[in-house]
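Spelled out from the first residue to the last, the chains are:
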Amino acid sequence: MPDRQTKEHETVIHGTPVVDGIAFAPAAWTRRPPLPPETAPELPEDKREAAVEDFEAASKKVAEGLRARAVSAEGSSKEVLEMTAGLAEDRGYLRMVKKDIMAGTPPIQATIAATSRFVEMFEKAGALMAERTTDLRDVRDRIIARLQGVSEPGVPHLPYPVVVMGDDLSPADTAGMDPKDYVAIVTEGGGPTSHTSIIARQLGIPCIVAARDLSEVPDGADVLVDGSAGTVTMGVDPDEARALVQEDCARIQRIRAWKGPAKTKDGVPVQLLSNIQDGATARLATESEAEGIGLFRTELLFLSSAKEPSVDEQAADYLAVFEAFPQGKVVVRTLDAGSDKPVPFATLQEEFNPALGVRGIRVTGQDPDLMLHQLDAIAQASAESPGTKVWVMAPMISTLPEAEWFAGLCRERGLKPGIMIEVPAAVILINKFMGLVDFVSIGTNDLTQYTMAADRMSPHLAEYTDPWQPAVLELIALTAAAGQSQGKPAGVCGEAAADPTLACVLVGMGITSLSMATSAISSVGATLAHVTMAQCREAATAVRGARDSKEARAVARAALGLS
Ligand code: PEP
Ligand code: MG
């Protein structure tokens, strides 16, 4: 949208932009009812069994409702709904509530107490599990609503399109949303990698997170949402707003009509790849315009494995991915255990600061057999799918000996070695690192976290965990330049690659491939098709002079002719 001059009678609220697009519709707040008191008079003994039955019926209905929605949902929405339904029927959770009820606690209070205990356990287990506490609280609120005989909380269903607003939407709230009914999402909390952002990207609707003053917007007020500027404006003239939405439709049409392989307007090819985690998600990627897999997050296969899977078991999992791309490229990332991805057989239990602890290559460095077994399994699967171009990279590399050790092990097995660039130390010595391996791939989620010293899971630091931060862009540019000068591929596989405007900037810096959630491929491809390589280069140069992320976005959009 062209930079609008704010009029005197308008009120603008700012947040962190996550998904581009313009929407104009009434605000519909999703507010959770206040929690009932945590204590209540004890249940008489003769009422306890009936209360257990009430609780069982309520939790069953919640799980059934979520599963029914999962049937008609697709992709990550389906996964989220199934996962949340699974929590509503988790045996440990149900057992805990039932035990409390049999001891005299009324079902609502027993549900509250068991949820608090589970939340505590999840939080202790690390950041990835901690993210699921939103799902747990959501299940709690749904069960309580069922016990009270009222409808389950969720996003409001209105007979006209709305802009959904909330603190931070629960995954089950957002899953299965139809973009015809919900034209934008704006949250007070959340962050660029939160569930809300992932789902909005999948739906292709504008999304803004961390809009701190959002509560100023009353329910039902007409708002103009600009997903690329990160603004929510009240008081806009409706005719002007509708005209802006209309203009944005051309961009949406371009995305729908786009077909790969990706290239810029002047025909420079750009490799677009998918981020996946198993055979099923790899097969989904084959239905998109992805040319291959740029990040196979192997640790996600093993999040609940108490013991290390055998080489044959691992090889079977990897082969399922390779077979989805029998002639394509698959970049396998070795186990990134630790911190936000605790893998029971590989992760240390107690660390004060797990993001700075034993994670990624450091885990396998302490227990080299884990790495040797995994590389054996990758080599075995690769031999069984000889047409697949298998590349292997290690996460969290920060020292040259780590990279040297890893590259040697890969080459001994005939595998092509690479490293992830996620730690500023790797960029500081990028030319030396680049000399040791065949390719690099920048994990912008962690590179941003470590450059800005800002926890990527924090809902309070969205401004810092923004890959548009000039310091982060500078490190990406240095890495891309080293790749160019040594003639080695330098890709990006963090969330930054899924941002269509930033994708153009990355290409302009000399990044050779972009790997992202499969759902983001069309919007990135369509945006690249709309700009020339010269514009991408101009944008890449312009962002390096920006003083903050807002200015970086603005100068990039101007150089690309997107504003
Ligand atoms: C990253 O850090 O950007 C990345 C791609 O790895 P992950 O998100 O799995 O840590
Ligand atoms: Mg990472």
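Residues numbered from 1 in each chain as written. Chains lettered and ligands numbered in written order. Predicted model: local features only at pLDDT ≥ 70, side-chain atom pairs only at ≥ 80, totals over all residues. Heavy atoms only, no water.

**Q** Whenever I open this one, the overall build of the chain confuses me. Can you help?
**A** For the chain, the count of helices and strands is 22 helices and 16 strands. Taking 2.2 N^0.38 as the reference for a compact globule, 563 residues should give roughly 24 Å; the C-alpha atoms of the chain span a radius of gyration of 24 Å, in line with that estimate. Principal-axis analysis of the C-alpha atoms gives the chain an extent of 75 × 65 × 40 Å. Taking all 563 residues of the chain together, the buried fraction comes to 54%. Put simply, the chain shows about 23,500 Å² of open surface, and 52% of that area lies on carbon and sulfur atoms. Of the charged side chains in the chain, 53 are positive and 76 negative, and the gap between their average positions amounts to 3 Å. (Helix = DSSP H or I, 4+ residues; strand = E, 2+ residues; numbered from the N terminus. Rg over C-alpha atoms; globule rule 2.2 N^0.38 Å. Buried < 20%, exposed > 50% of the residue type's maximum accessible area, 1.4 Å probe, protein only. Areas by Shrake-Rupley, 256 points an atom, 1.4 Å probe, with all protein chains shown as cover. Lys, Arg positive; Asp, Glu negative; His and termini not counted. Charge placed at Lys NZ, Arg CZ, Asp CG, Glu CD.)

**Q** Even after reading the chapter, I still don't get the environment of Leu400, so can you show me in this structure?
**A** The topology assignment puts Leu400 in helix α14 (residues 400-412). With relative accessibility at 23%, the residue Leu400 sits in the partly exposed group. Taking C-alpha positions, Leu400 is 38 Å from Thr133, a pair spaced 267 residues apart along the chain. The contact partners of Leu400, leaving out residues within four places of it in the chain, are Leu429, Lys432, Phe433 and Leu436. (Contact = heavy atoms within 4.5 Å.)

**Q** For this particular structure, what's the right way to read the site of ligand 1?
**A** In the vicinity of ligand 1 there are 15 residues, among which Arg297, Arg333, Gly443, Asn445 and Arg456 approach most closely. A distance of 2.7 Å is found between an oxygen atom of ligand 1 and a side-chain nitrogen or oxygen belonging to Arg297. Contact distances for ligand 1 include 3.4 Å between an oxygen atom and a backbone N or O atom of Gly443. Among the elements that line the shell around ligand 1, the one with the most residues is helix α17 (residues 444-452), at three residues. Residues that form the shell around ligand 1 fall into these classes: three nonpolar, four polar and eight charged. (Near = heavy atom within 4 Å. Polar contact = N/O pair within 3.5 Å; in protein donor to acceptor, adjacent residues only side chain to side chain. Nonpolar A, V, L, I, M, F, W, Y, C, P; charged D, E, K, R; others polar.)

**Q** What should I look at first to understand helix α4 (residues 107-124) in this one?
**A** Residues spaced three or four apart along an α-helix face the same direction, because each turn holds 3.6 residues. With 18 residues, α4 extends 26 Å from end C-alpha to end C-alpha; this agrees with the ideal 26 Å at 1.5 Å per step. Considered for burial, the residues of α4 that qualify are Pro107, Ile108, Gln109, Ala110, Thr111, Ile112, Ala114, Thr115, Phe118, Val119 and Phe122. (Expected span 1.5 Å × (residues − 1).)

**Q** How should the coordination of the magnesium ion (ligand 2) be read in this particular structure?
**A** Put simply, a metal with four donors set out as a tetrahedron has ideal angles of 109.5 degrees, and one with six donors set out as an octahedron has ideal angles of 90 or 180 degrees. Around the magnesium ion (ligand 2), the protein supplies Glu422 (OE) and Asp446 (OD) as donor atoms, at distances of 2.0 Å. Residue Glu422 is located in the loop between β13 (416-421) and α15 (424-428), and its partner Asp446 is located in helix α17; the two are separated by 24 residues in the primary sequence. Given a relative accessible area of 2%, Glu422 falls into the buried group. (Donors = N, O, S within 2.8 Å, 3.2 Å for Na, K, Ca; no water.)

**Q** How should I be thinking about the sheet that holds strand β14 (residues 439-442) in this particular structure?
**A** By definition, the strands of a sheet pair up through backbone hydrogen bonds, in either a parallel or an antiparallel sense. One closed barrel accounts for eight strands, arranged β9-β10-β11-β12-β13-β14-β15-β16; its pairing is parallel. Within this sheet the neighbouring strands show an average axis-to-axis angle of 25°, counted without direction. Sheet topology note: the strand β9 (residues 271-276)/strand β10 (residues 292-297) ladder contains three bridges and is parallel. Across the sheet, Ser274 pairs through a bridge with Ile293, a residue of β10. Relative to β13, α14 is tilted by about 150°, and along the sheet it contacts β12 (389-394) and β13. (Pairing = 2+ DSSP bridges. Axes fitted to C-alpha atoms, helices over the stretch in contact; angles between N-to-C directions.)

**Q** Which parts of the structure should I look at to understand the domain arrangement of the chain?
**A** Many structure descriptions define interface size as the accessible area lost when the parts assemble. Segmentation of the chain into domains returns domain 1 (4-30 + 155-255), domain 2 (45-148) and domain 3 (269-518). Placing a centre on the C-alpha atoms of domain 1 and another on those of domain 3 gives a separation of 32 Å. The partner domain 3 presents 11 residues to the nine residues of domain 1 that form the contact. Approximately 820 Å² of surface area, both sides summed, lies buried where domain 1 meets domain 3, with 49% of it carried by carbon and sulfur atoms. (Domains from an automatic or database assignment. Buried area = accessible area lost by both parts, 1.4 Å probe.)

**Q** Sorry if this is basic, but what is going on with unusual backbone geometry here?
**A** In most cases, non-glycine residues show a negative phi, while peptide bonds are predominantly trans. The omega torsion of the bond from Gly260 to Pro261 falls at -5°, within 30 degrees of zero and hence cis. Mapping Pro261 onto the fold places it in the loop between α9 (238-257) and β9. Phi is positive for Ala453, close to 50°, though the residue is something other than glycine. Tracing the backbone through its elements, the reader meets Ala453 in the loop between α17 and α18 (470-486).

**Q** In this structure, what is going on with the packing of aromatic side chains? I would like to understand it.
**A** Between two aromatic rings, the relevant description is the distance of the centres plus the angle of the planes. Inspection of every chain in the model, using the stated rule, returns four aromatic pairs. Judged by centre distance (4.7 Å) and plane angle (50°), the ring pair of Trp391 and Phe439 falls under tilted. You can see Trp391 sitting in strand β12 and its partner Phe439 sitting in strand β14, a full 48 residues away along the chain. In this pair, the class of Trp391 matches that of Phe439, namely buried. The ring of Trp391 has Lys329 sitting right over it, with the charged end atom 3.9 Å from the ring centre. Above the ring of Trp391, the side-chain terminus of Lys416 is found at 4.7 Å from the ring centroid. (Phe/Tyr/Trp six-rings, centres within 6.5 Å; stacked < 30°, edge-to-face > 60°. Lys NZ or Arg CZ within 6 Å of the ring centre and 35° of its normal.)

**Q** What should I look at first to understand helix α3 (residues 91-102) in this one?
**A** Compared with an ideal rise of 1.5 Å per residue, which puts 12 residues at 16 Å, α3 spans 16 Å between its outermost C-alpha atoms and is within 8% of the ideal. Within the sequence span of α3, burial applies to Tyr93, Leu94, Met96, Val97, Asp100 and Ile101. Considered in projection along α3, the buried side chains sweep an arc of 160° and stay on one side of the axis. Turned more than 90 degrees off the buried face of α3, the exposed positions are Arg91, Arg95 and Lys99. If you check the start of α3, you find a side-chain oxygen 3.0 Å away from the backbone N of Gly92, and it comes from Asp90. Gly104 lies just past α3 and shows a positive phi near 110°. (Arc of directions from axis to C-beta.)

**Q** Even after reading the chapter, I still don't get the pattern of salt bridges, so can you show me in this structure?
**A** Once their charged atoms are close, side chains differing in charge can pair, the charge on each being opposite to the other. By the definition in use, this model includes 25 salt bridges. Two residues, Arg557 and Asp20, come together in a salt bridge whose shortest N-O distance is 3.6 Å. Of this pair, Arg557 sits in helix α22 (residues 549-560) while Asp20 is found in the loop between β2 (16-19) and β3 (22-29), placing the two residues 537 residues apart along the sequence. The exposure class of Arg557 is buried, given its relative accessible area of 13%. (Salt bridge = Lys/Arg side-chain N within 4 Å of Asp/Glu carboxyl O.)

**Q** Sorry, what's going on with the sheet that holds strand β8 (residues 231-234) here?
**A** Strand order in the open sheet formed by eight strands is β1-β8-β7-β3-β4-β5-β6-β2, and the pairing between neighbours is mixed. With one partner strand each, in any of the chains shown, β1 (11-14) and β2 form the two edges of the open sheet. This sheet shows a mean twist of 30° between the axes of neighbouring strands, independent of strand direction. Of the pairings in the sheet, the one linking strand β5 (residues 182-187) to strand β6 (residues 207-209) comprises two bridges and is parallel in character. Looking across to β6, one finds that Val186 is bridged to Ile208. Along the sheet face, α9 touches β3 and β7 (222-226) and points at about 120° away from the line of β3.

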